[in-house]
Amino acid sequence: MSITTSTLWRIHFSRRWPLELDVAHQVQWTKPERDLLADSLRQFQLGEGSDGCNLLRFARTFAAQVRDPDLPEAIAGLIAEEQRHSRWLGEVLRHQGEPLLQKHWVDGVFRSIRRAMGFGLEIAVLVSAEIIAVPYYAAVGRATKLPALQAICHRILEDEAFHLQFQAANLSLVVQNRFGLRHALHRALQAVICLVVWNQHGRVLAAGGYTFETFWHECDHLLDEVQQRSQRTARSRCASTFAA
Ligand SMILES: [Fe+2]
Ligand SMILES: [Fe+2]
């Protein structure tokens, strides 16, 4: 049995799974903090809680095409971590007496786009979603006074840093197998996502110290890093294939 990048990620997610976060709540939001954060967090809580059925179905088909049997289980590990983020945010919202969203048009649009396309485009959209999460949770962590929410943001940022590395590996797989999106197109897609996110969550990002320019540049820089990492992974995969 050969060890692939997906094998290592499958092991990574299984090792991180027991690291549960103790989300203890003692403090209630002040009115300004509630007005700032509740609606925005509800949207992210919904987005993180996707069941990932389509992603997993695409991953199984793609894994069979490229003979990468550990990929679906690695993707399942990612989905489980995202759902855990959703659960933590849901616990905060419930403790604050805030209802959770069942649906939202932004989440609906992203899900429809991803459902309509194959694994390659799904990964491109997910890369950008993981990228957006970095400035967003950094901003929430700075804007909130709730220790529990600060701890959640800290932990989500730690998880998302790994997710970006994982998605770079996935991106390298889809690009290498010609299922990927061209870099310029991916950049354009991310630009649209950034505009939508700033429109919906700009107040929270601004409260966390971002301007639209700094938010945009951070996202752009992270996309560069993911694409460079993905190219390095593809090169080393090619080198090991030829050496084998
Ligand atoms: Fe997440
Ligand atoms: Fe993530």
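Heads up: the structure comes first, above all this text.
Here is a short report on the structure shown in this document.

## Looking at the overall build of the chain
Phase 1: A tally of regular secondary structure across the chain gives nine helices and zero strands.
Phase 2: Against the 2.2 N^0.38 benchmark of 18 Å for 244 residues, the chain shows a C-alpha radius of gyration of 18 Å, consistent with a compact globule.
Phase 3: With respect to the principal axes defined by its C-alpha atoms, the chain has extents near 60 × 35 × 30 Å.
Phase 4: Within the span of the chain, comprising 244 residues, buried residues form 49% of the whole.
Phase 5: Counting contacts in the chain only where the partners sit at least 6 residues apart, residues at least 24 apart contribute 85% of the total.
Phase 6: When the accessible surface of the chain is totalled, it reaches about 12100 Å², and 58% of it is carbon and sulfur.
Phase 7: Positive and negative side-chain charges of the chain, numbering 27 and 25 respectively, have mean locations separated by a distance of 5 Å.

## Brief notes about the coordination of the iron ion (ligand 2)
Phase 1: Summarising the metal site, the iron ion (ligand 2) is bound by the protein donors Glu82 (OE), Glu130 (OE), Glu160 (OE) and His163 (ND1), whose distances to it range over 1.8 to 2.2 Å.
Phase 2: For the iron ion (ligand 2), the four donor atoms in the first shell make angles of 79 to 162° at the metal, so the coordination geometry reads as irregular.
Phase 3: Here the donor residues for the iron ion (ligand 2) map to a single chain with the spacing E-x47-E-x29-E-x2-H.

## Describing the coordination of the iron ion (ligand 1)
Phase 1: Protein coordination at the iron ion (ligand 1): the donors are Glu48 (OE), Glu82 (OE), His85 (ND1) and Glu160 (OE), at 2.0 to 2.3 Å from the metal.
Phase 2: For the iron ion (ligand 1), the four donor atoms in the first shell make angles of 81 to 157° at the metal, a pattern classed as irregular.
Phase 3: Sequence positions of the residues that donate to the iron ion (ligand 1) give the spacing E-x33-E-x2-H-x74-E.
Phase 4: For the pair the iron ion (ligand 1) and the iron ion (ligand 2), the metal-to-metal distance amounts to 3.5 Å, and Glu82 bridges them. Taken as a pair, His85 in helix H4 (residues 71-95) and Glu160 in helix H7 (residues 147-176) lie far apart in primary sequence, 75 residues in all. For the pair formed by His85 and Glu160, the shared burial category is buried.

## With respect to helix H6 (residues 119-143)
Phase 1: The end-to-end C-alpha distance of H6, which contains 25 residues, comes to 35 Å, matching closely the 36 Å that a straight helix rising 1.5 Å per residue would cover.
Phase 2: For H6, the tally of buried residues reaches 22 of 25 residues, placing the bulk of the element in the interior.

## So, the environment of Gly77
Phase 1: In this structure, Gly77 sits in helix H4.
Phase 2: Sequence-wise, Gly77 and Gln43 are 34 residues apart; in three dimensions their C-alpha atoms are separated by 22 Å.

## Quick word on the pattern of salt bridges
Phase 1: A full pass over the atoms with the stated rule returns 14 salt bridges.
Phase 2: For Arg187, the salt bridge goes to Asp224, with nearest N and O atoms at 2.7 Å. Of the two residues, Arg187 sits in helix H8 (residues 183-207) while Asp224 sits in helix H9 (residues 212-243), which places them 37 residues apart along the sequence.
Phase 3: Its relative accessible area of 31% is what places Asp224 among the partly exposed residues.

## Description of the side chain of Gln167
Phase 1: Position of Gln167 relative to the elements: it lies in helix H7.
Phase 2: Among the residues examined, Gln167 registers a relative accessible area of 0% and is labelled buried.

## Describing the packing of helix H2 (residues 31-48) against H8
Phase 1: Direction vectors running N to C along H2 and H8 enclose 125°, while the axes themselves pass 9 Å from each other. One finds that H2 runs oblique with respect to H8. Helix-helix and strand crossings are classified by hand; for H2 and H8 the assignment is left-handed. Taken together, the residues of H8 that come into contact with H2 (itself represented by Asp35, Leu36, Leu37, Ser40, Gln43 and Phe44) are Gln200, His201, Arg203, Val204 and Ala207.
Phase 2: A class-by-class count of the residues in the contact of H2 with H8 yields five nonpolar, four polar and two charged.

Cut-offs applied
Residues numbered from 1 in each chain as written. Chains lettered and ligands numbered in written order. Predicted model: local features only at pLDDT ≥ 70, side-chain atom pairs only at ≥ 80, totals over all residues. Heavy atoms only, no water. Helix = DSSP H or I, 4+ residues; strand = E, 2+ residues; numbered from the N terminus. Rg over C-alpha atoms; globule rule 2.2 N^0.38 Å. Buried < 20%, exposed > 50% of the residue type's maximum accessible area, 1.4 Å probe, protein only. Contact = heavy atoms within 4.5 Å. Areas by Shrake-Rupley, 256 points an atom, 1.4 Å probe, with all protein chains shown as cover. Lys, Arg positive; Asp, Glu negative; His and termini not counted. Charge placed at Lys NZ, Arg CZ, Asp CG, Glu CD. Donors = N, O, S within 2.8 Å, 3.2 Å for Na, K, Ca; no water. Tetrahedral: all angles 85-135°; square planar, octahedral: opposite > 155°, others 65-115°. Expected span 1.5 Å × (residues − 1). Salt bridge = Lys/Arg side-chain N within 4 Å of Asp/Glu carboxyl O. Axes fitted to C-alpha atoms, helices over the stretch in contact; angles between N-to-C directions. Parallel < 35°, antiparallel > 145°, perpendicular 65-115°, else oblique. Left-handed = near helix turned anticlockwise from the far one by under 90°. Nonpolar A, V, L, I, M, F, W, Y, C, P; charged D, E, K, R; others polar.

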